[in-house]
Amino acid sequence: MAGEPQSDCLFCKIAEGEVPATIVRETETTVAFRDINPQAPTHVLVIPRLHYPDAASLAAAAPTVAADVLREAGEVAAQEKVDGSGFRIVFNTGAGAGQTVFHAHAHVLGGRGLNWPPG
């Protein structure tokens, strides 16, 4: 059920501490950890502790938690010292957009030039 931890979800297991990750920030509602396949010098994922398959379903069902994810993305950027030079927050939604783990998450990318449009 959406909103509840899923036993087969990698990010739920990270949020529960069952799978190791390099955690950089935690709040009551979010966990931020380094991406295992970084695409930039700073590449941190911010996830809600609640399980929703993508950002749109999270925003519809738990808008305050969606806001927490965005706020924490900004805090990660400041902590990683990329807030001054610029950073990108990306939500991939659906397999066609590159989403591989179906638990809502924001990618915080920075520390290098980020071209537009993205590839």
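These numbers come from a predicted model, not from an experiment. (Residues numbered from 1 in each chain as written. Predicted model: local features only at pLDDT ≥ 70, side-chain atom pairs only at ≥ 80, totals over all residues. Heavy atoms only, no water.)

**Student:** Lay out helix α3 (residues 63-79) in plain terms, naming residues and giving numbers.
**Tutor:** The α-helix winds at 3.6 residues per turn, so residues separated by three or four positions along the chain end up facing the same way. Helix length check: α3 (17 residues) gives 24 Å between terminal C-alpha atoms against 24 Å at 1.5 Å per residue, within 8%. Every buried residue of α3 is accounted for by Val65, Ala66, Asp68, Val69, Glu72, Ala73, Val76 and Ala77. The elements touched by buried residues of α3 are β1 (23-26), β2 (30-34), β3 (42-48), α2 (55-61), β4 (87-90) and β5 (106-110). Residue Lys81 follows α3 closely and has a positive phi angle near 65°. (Helix = DSSP H or I, 4+ residues; strand = E, 2+ residues; numbered from the N terminus. Expected span 1.5 Å × (residues − 1). Buried < 20%, exposed > 50% of the residue type's maximum accessible area, 1.4 Å probe, protein only. Contact = heavy atoms within 4.5 Å.)

**Student:** Lay out the side chain of Asp68 with the relevant residues and their values.
**Tutor:** Along the chain, Asp68 falls in helix α3. A relative accessible area of 15% places Asp68 in the buried class. With sequence-adjacent residues up to four places away left out, Asp68 is seen in contact with Thr29 and Thr30.

**Student:** Break down the environment of Phe33 for me, with residues and values.
**Tutor:** Its place among the elements puts Phe33 in strand β2. Accessibility expressed as a relative area gives 4% for Phe33, which makes it buried. Taking the C-alpha atoms as reference points, Phe33 and Ile23, 10 residues apart in sequence, are found 4.2 Å from one another. Sequence-distant contacts of Phe33, defined by excluding residues within four places in its chain, comprise Phe11, Ile14, Ala21, Thr22, Ile23, Val24, Val44, Leu45 and Ile47.

**Student:** Just give me the short version of the packing of aromatic side chains, but keep the residues and values in it.
**Tutor:** Taken as a whole and assessed by the stated rule, the structure comprises one aromatic pair. Where Phe11 meets Phe33, the ring centres are 5.4 Å apart and the plane angle is 75°; that geometry is what we call edge-to-face. With Phe11 in helix α1 (residues 10-15) and Phe33 in strand β2, this pair connects stretches of sequence that are 22 residues apart. Phe33 carries the same exposure label as Phe11, and that label is buried. (Phe/Tyr/Trp six-rings, centres within 6.5 Å; stacked < 30°, edge-to-face > 60°.)

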